[in-house]
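Read off the chains here:
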Amino acid sequence: MAPQVRHLLLMLLLCPLPVNSSFQPSLVLEMAKILLDNYCFPENLVGMQEAIQQAINSGEIMLISDRKTLAAVLTVGVQGALNDPRLTVSYEPNFVPVMPQMLPSLPAERLIRLVRNSVKLDILDKNVGYLRMDRIIGEETAAKLGSLLRDNIWDKIAQTSSLIFDLRYSTVGELSGVPFIISYFSASVPLIHIDTVYDRPSNTTRELWTMPSMKGEKYGKKKDIIILTSKRTMGAAEAVAYTLKNLKRAIIVGERSAGGSVKVQKIRIAQSEFYIVVPVARSVSPITGKSWEVSGVSPTVNVIAKEAFIKAKSLLAVRSVIPKVVQTISDTINRYYAFTDRVSTILQHLKSIDLFSVVSEEDLAMTLNNHLQSVSEDPRLIVKYMDIVANAEEDPDLYNISDDTKLLNELVDEIFKVEILQHNTGYLRFDRFVKWSVGDKLEELIAEKVWEPLKDTNNLIIDLRYNTGGSSTFLVLLLSYLKNTSQKQHLFTIYESFHNTSKEYDSLLKIVGPAYGSKRGVYVLTSYYTASVGEEFSYLIQSLHYGTVIGEITSDTTMHSKTFEIEGTDIAITVPFINFLDNNGECWLGGGVVPDAIVLADEAVEHVYKIVKFHQGLRSLIEKTAELLETNYAIHEVALETSKVLLSKLDDGSYRSVVDFESLASQLTTDLKETSGDHRLHVFHCDVEPESVRDVPKIPTAEEAGYMIDALFKIELLPRNVGYLRFDMMADIEVVKATGSQLIKLVWRKIINTDALIIDMRYNTGGYSTAIPLLCSYFFDAEPLQHLYTVFDRTTTTMTEVMTLPHVRGQRYGSSKDIYILTSHMTGSAAEVFIHTMKDLNRATIIGETTSGGSLSSGTYQIGDSVLYASIPNQFVLSAITGKLWSISGIEPHVIAQANHALPVAQRIIASKMLGREQGK
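Remember, it's a predicted structure, so these values are computed and weren't measured experimentally.

Quick notes on the sheet that holds strand S9 (residues 225–229)
The strands making up a sheet associate through backbone hydrogen bonding, with each pair oriented either parallel or antiparallel.
Step number 1: Pairing is mixed across the open sheet formed by six strands, whose spatial order is S2-S3-S5-S9-S10-S13. On the outer flanks of this sheet lie strand S2 (119–124) and strand S13 (301–302), each paired with one strand and no other.
Step number 2: Note that S9 and strand S10 (residues 251–254) share four bridges and pair parallel. Bridge assignment links Leu228 to a residue of S10, and that residue is Val253.
Step number 3: The strands that helix H7 (residues 147–158) touches are S2, strand S3 (128–133) and strand S5 (162–166); relative to S2, the one it contacts most, it runs at about 30°.

Structural data, given as structure tokens:
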């Protein structure tokens, strides 16, 4: 029995009621029959009649004497059971059926009068149409009225620029009129399937489609439509609102509609004075797969009904400016945007943006901004609502300075603060970048009052924590004092879209006074207030490797954009008209400068001393890393070249961004991998000396060995006598020898007599390589011995040929039966050595994903007496077939498949191969 039917029985028949009541069980049966014949969701009624009859026969029905109480109980029961509030039972001894008014049968004059009373048309300011419709006119009525409706309503509406369609008072109507209205507001082609109506009494389904042609001019699908709804809006009007909303043709303003029905009937229950209201038809929108019935149509903009008209007018005012806003933004980007190569794509995208759901200027700005950010990938290109405070634009003349010597002296004394701090550390603070050009007297004064006092300091602090910007021209002078060589060096490039010009800025060949250079430590302090050119200077200090940035992330106000307000709106667009390209030719998009060491601005000076102390030991650590590499890395030529690159990077300042052991380990790992091409090289930080990977493994007891084998090995016998063996780690040879008898008994004997074997190594990340010769020996014949691979060990400078073993415990699998090995991107280290060997010798078919690219053996070495350790591969493997080095980029399978599909792929290949052999016989 369906759960809802069981619930219905409990509610209808087992509800505790007065014992002295009386009532006819046949009433319930008749009601059930009406539902079965008429309810529009017959699938919810399966088993109901039989269940009710069974309950009646059981004698558990309790009589109810009061007829109205009985009707109320039946209503609660049927609504709860079927979750449909439209189902109501009433007791009405004096009920007089009212025949619905059939509009098409009315005389023409009365029909016209009725339509005029239910339809109101007005043309508002700015050519906004207002159409109030209190009744949805059906197809037959519309056909009878013909030209009257067209001439007096639809043709007049067609001339308006936008429309307010008022359905707040529409409580009646015919569903057949819905296609006509939808067609009027949509294109002629393609036709749109707008509704599917199922009628239960006739057991028929009717589809509603838009009309291919109409008399008169259509409103079309481009002009704005606002539909007003209220809690009273019901029936066919809901169908209109729901369809136009979900076709994205109209915006709904007002209240959630009533949630009526396509068709309900009030049916008398047998010959009694009880009646039941039953929804006999149901509507399902093919657009959403849902319906407006019961739940109603939710508005796009939710306001009380009496305020909906005013809201709609203000909304249309917003909607009317959308084309202008989009066009203005397009024109502004086309004219000013610095990334000229992106303009065409952005303009095309602006044309395609769906702005149907925009209901306010703020909403419009947000939507356009999201799209522009996505397509341009430029955080500087911003559309904003003016309530959001924009970054102030600086006056380019703000930082001009006088040529007067006295005034210049006063300016330098005011702007620049120079001190000598503890440990002979120079300190330079200035809070704005002044405008400078070659030959200015300003340069002489700065050389005298700034660089001369600082020239003999051990390190230099440049304090930009209170610097809010200024002129980019001063960057050239300042950076020229910090470069190491006398040769010209490219600093940055500025592209300006107004004049479509690019200007390159290089360091000065000659400067007045002593250069500070960057051989000594240069430390730039930043804060959340550091802005504009101060950010550019901090960014270039990192990009040029001139120094180390310490403090807080900067403010992200680079000041190379211009903001344009869109007339008549509160919307503005900020367009970057300058691109700032660093010394590597990369455009900086802002976002704030992230310091090398992030600390509170107030603590930045103290933090400098800690980093200075760390930097004093940096060269020694990098040199020791290079020495370890040259001594231990398997390929000596690669080690020499990589060591040379490390020291070169140190000399050119690439390690100035390193501020502690963790960041040094990360930078060394990156440089080692990139230079050598070996992803296995890495440096790590460890406060406690790591355990050596060469520690002798613990030999398990017999009992421990049993548990270990159960945990690590999975064996199955698959169809067609195919063995399946999975193991997820490579054990040491001594462990294998100690557990050999149990491995033979618990694992090997179960798969030795199979016709083919699948070895699953998808989850095997490696372990010890010492047992690989033994493992391989089981898959080759005893004689002759097979050369598996050759190992060169850098630490001993020995070359060892690895061969199969002449004797193994138990029976060999042999060299003739097929082997299939499953791999994944997790498969690594010693597991790869086994797989590589089997593939190299054409002994197995590899299926799955490319493996991780692990190492046969790596040594872990302490870097000096520090807390840093280097993991260095000290062996390489030569192919027994080609004599060449094995690749460390991972093993590519014969058959590539996702790891989770590898097993069924292997089974299909085996089945196909076996079938071919059988047919060949």
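Topic: helix H19 (residues 618–632)
Step number 1: A rise of 1.5 Å per residue sets the reference length of H19, with its 15 residues, at 21 Å; its end C-alpha atoms lie 21 Å apart and thus fit the reference within 8%.
Step number 2: Every buried residue of H19 is accounted for by Leu618, Leu621, Ile622, Thr625, Ala626, Leu628, Leu629 and Asn632. The buried side chains of H19 occupy one side of the element, clustering within an arc of 160° when seen end-on.
Step number 3: In this fold, the buried residues of H19 make contact with helix H18 (604–616), helix H20 (636–651), helix H21 (661–676), strand S35 (858–862) and strand S36 (868–873).

Thoughts on empty space enclosed by the protein
Rolled over the atoms, a probe with the dimensions of a water molecule shows which regions are left empty.
Step number 1: Under the counting rule described, the total for this entry stands at four cavities of 30 Å³ or more.
Step number 2: Size it by volume and the largest cavity reaches roughly 90 Å³.
Step number 3: Val119, Met133, Ile137, Ala142, Leu149, Ile153, Trp154, Gly177, Phe180 and Ile181 together form the lining of the largest cavity.
Step number 4: Of all elements in the fold, only H7 and helix H8 (178–184) reach the threshold of two or more residues within the lining of the largest cavity.
Step number 5: Among the elements that take part in the lining of the largest cavity, H7 stands out by supplying three residues, more than any other.
Step number 6: In terms of residue class, the lining of the largest cavity is made up of nine nonpolar, one polar and no charged.

As for the confidence of the model for the protein chain
Step number 1: Chain-level statistics for the protein chain give a pLDDT mean of 87 and a share of 90% at 70 or above.
Step number 2: Contacts of residues 1–23 to residues separated by more than four positions or lying in other chains number 57 contacts, the stretch itself having pLDDT below 50.
Step number 3: Segment residues 388–392 is flagged for pLDDT under 50; beyond a separation of four residues in sequence, or across chains, it makes four contacts in the model.

Parameters at a glance
- Residues numbered from 1 in each chain as written.
- Predicted model: local features only at pLDDT ≥ 70, side-chain atom pairs only at ≥ 80, totals over all residues.
- Heavy atoms only, no water.
- Pairing = 2+ DSSP bridges.
- Helix = DSSP H or I, 4+ residues; strand = E, 2+ residues; numbered from the N terminus.
- Contact = heavy atoms within 4.5 Å.
- Axes fitted to C-alpha atoms, helices over the stretch in contact; angles between N-to-C directions.
- Expected span 1.5 Å × (residues − 1).
- Buried < 20%, exposed > 50% of the residue type's maximum accessible area, 1.4 Å probe, protein only.
- Arc of directions from axis to C-beta.
- 1 Å grid on protein atoms, 1.4 Å probe; cavity = no way out; pocket = protein on both sides within 12 Å on 5 of 7 lines; lining within 4 Å.
- Points joined across faces, edges and corners; volume = space filled by probe spheres on them.
- Nonpolar A, V, L, I, M, F, W, Y, C, P; charged D, E, K, R; others polar.
- pLDDT = per-residue confidence, 0-100.

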